[in-house]
Amino acid sequence: MKLNLLVVAGDGIGPEVTREAVAVLNTVAELEGHEFSVTEKRIGGIAIDTDGTPLPADTLEAALASDAVFLGAVGGTKWNALPPNTRPEAGLLQLRAALGGFANLRPAFAVAELAANSPLKSEIVAGADILFVRELLGGLYFGAPREWNKSTGEAWNTMRYTRDEIVRVARIAFQLAEKRDKKLTSVDKANVLEVSQLWRATVNEVAAEFPDVTVEHQLVDSMAMLLMTSPRNYDVVLTENLFGDILSDESAVITGSLGMLPSATIGGKVNLYEPIHGSAPDIAGKGLANPLGAILTAALVLRHSAGLEAEAAIIEKSVRRVLEEGFRTPDLARGNTTDFKVLSSTEMGKQVRETVNEMLTTETI
Ligand code: NAD
Ligand code: IPM
Ligand code: MN
């Protein structure tokens, strides 16, 4: 099959992890005779420095003309003093809005061998497998009015949702729940916020279309606690934009590291794929970044934009296998490090590619 992928690697560790993810895609393409063409463009801080804007017009044009967009990460200390609408992060938000994907899928699963080294007790995390469905185009991120009025010393943002925006993301979450454990947990703050009351009422309406799926509602504050005490109780977790941002980073504790979590944004003109972590300025340029979240994101490209489910599953199995074999990037090497083989980002990428290669040549798909 043919796939035109636009790669916007961005800042900090973005290029370091993206390189490994693209290399895994190339391994699959070479072994199976697919034509994945990769175009690279600038986004984020690097684009501010060279083009004066975090989302240059040619990047946006190439994104809209592609079959899928892969983003590494944007942002960094150099651009922290800029106001929100001109920062590197604004480029990402503009790209999300232009591509139109509103359902951001963030799978988080625990690998048994990693659970043993998790900050949480292994009996709590082992076997946890959650799919966050985060609404990505509404809420505080895009609501108007928004302003910091420096003369009065006030600032405000608006958490706004329409019923239709909730219906469309809820339907995707229910459809995904139907194919998994048929359990959906919707997260809100309906004890305080009108927007959450609309959210809850609308999710209940959509639930009637999916009688096989059990629905429960959780308030976001206690959900933050429940995810840590009983992560295995959750299957699909549906959230508005900011709650999903926070809870999905929290779930990094279940997987062992923020560097383990992938995402796919679907429902718009062009799907957008991003590991959920940021540019990690503290470790950038040192070869320490965990590329597995980006590599798992590459698997999502194959699943959601290329129709290559078997190949996607092989990448996911390969990631599990290298972890089972004791390979770790430093972020995952907790506890007794003599038990692990600690690898750099590029060594970890190579390890996964070799495993993918082996699985693709020995398994019938
Ligand atoms: P971050 O995700 O960059 O880092 C948080 C912590 O996790 C750091 O200690 C970092 O070293 C670690 N970490 C993150 N990814 C890792 C990986 N792959 N391997 C190993 N360790 C990893 O979050 P932050 O420090 O709060 O933000 C830094 C910048 O990134 C900010 O400018 C922020 O806005 C931006 N950001 C961008 C994205 C994105 O582009 N999608 C997402 C989140 C944050
Ligand atoms: C993420 C990031 C982004 C978000 C930022 C960088 C705009 O934190 O993808 O999780 O808040 O959505
Ligand atoms: Mn985030």
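Cut-offs used in this document
- Residues numbered from 1 in each chain as written.
- Chains lettered and ligands numbered in written order.
- Predicted model: local features only at pLDDT ≥ 70, side-chain atom pairs only at ≥ 80, totals over all residues.
- Heavy atoms only, no water.
- Phe/Tyr/Trp six-rings, centres within 6.5 Å; stacked < 30°, edge-to-face > 60°.
- Helix = DSSP H or I, 4+ residues; strand = E, 2+ residues; numbered from the N terminus.
- Buried < 20%, exposed > 50% of the residue type's maximum accessible area, 1.4 Å probe, protein only.
- Lys NZ or Arg CZ within 6 Å of the ring centre and 35° of its normal.
- Expected span 1.5 Å × (residues − 1).
- Contact = heavy atoms within 4.5 Å.
- Near = heavy atom within 4 Å.
- Polar contact = N/O pair within 3.5 Å; in protein donor to acceptor, adjacent residues only side chain to side chain.
- Nonpolar A, V, L, I, M, F, W, Y, C, P; charged D, E, K, R; others polar.
- Domains from an automatic or database assignment.
- Buried area = accessible area lost by both parts, 1.4 Å probe.
- Salt bridge = Lys/Arg side-chain N within 4 Å of Asp/Glu carboxyl O.

1. Points about the packing of aromatic side chains
The final tally for this structure, using the stated rule, is 2 aromatic pairs. Ring centres of Tyr161 and Trp199 lie 5.4 Å apart, and the angle between their planes is 65°; on these two criteria the pair is classed as edge-to-face. Within this pair, whereas Tyr161 is found in the loop between strand E7 (154-156) and helix H7 (163-179), its partner Trp199 is found in helix H8 (residues 194-207), the two being separated by 38 residues in sequence. Taken as a pair, Tyr161 and Trp199 share a single burial class, namely buried. Seen from the ring of Trp148, Lys150 lies directly overhead, with NZ or CZ sitting 4.0 Å from the centre. Sitting over the face of the ring of Phe327, Lys341 holds its NZ or CZ atom 4.7 Å from the ring centroid.

2. Considering helix H1 (residues 14-32)
The first and last C-alpha atoms of H1 sit 27 Å apart over 19 residues, in line with the 27 Å expected at 1.5 Å per residue. The inward-facing, buried residues of H1 abut strand E1 (2-10), strand E2 (35-40), strand E3 (68-73), helix H12 (292-305), helix H13 (309-324) and helix H14 (345-362). At the exit of H1 stands Gly33, carrying a positive phi of roughly 70°.

3. A few points about the site of ligand 2
Around ligand 2 sit Glu89, Arg96, Arg106, Arg134, Tyr141, Asp245 and Ile276, and those are all the residues in its vicinity. Here an oxygen atom of ligand 2 and a side-chain polar atom of Arg96 are 2.7 Å apart. Considered class by class, the residues forming the shell around ligand 2 number 2 nonpolar, no polar and 5 charged. Each of two domains, domain 1 (1-100 + 268-365) and domain 2 (108-256), supplies a minimum of three residues to the shell around ligand 2.

4. Regarding the side chain of Ser251
Mapped onto the elements, Ser251 comes out in the loop between helix H10 (241-250) and helix H11 (252-255). Judged by its relative accessible area of 1%, Ser251 falls in the buried class. Those residues within four positions of Ser251 in sequence are excluded, and the remaining contacts are Ala108, Phe132 and Leu261.

5. Some thoughts on the domain arrangement of the protein chain
If you check the domain split of the protein chain, you get domain 1 (1-100 + 268-365) and domain 2 (108-256). The C-alpha centroid of domain 2 is placed 23 Å from the C-alpha centroid of domain 1. Of the residues lining the interface, 15 residues belong to domain 1; the matching set on domain 2 comes to 17 residues. When the buried area of domain 1 at its contact with domain 2 is split by residue, Arg96, Arg320 and Arg334 rank highest and sum to 35% of it. Where domain 1 packs against domain 2, one counts 0 salt bridges. Here domain 1 is connected to domain 2 by 1 residue pair in polar contact (both at pLDDT 80 or more). When residues of the side of domain 1 that touches domain 2 are traced back to their parent elements, those giving at least two are helix H4 (88-99) and H13. Of the residues in the side of domain 1 that touches domain 2, the class split is 8 nonpolar, 1 polar and 6 charged.

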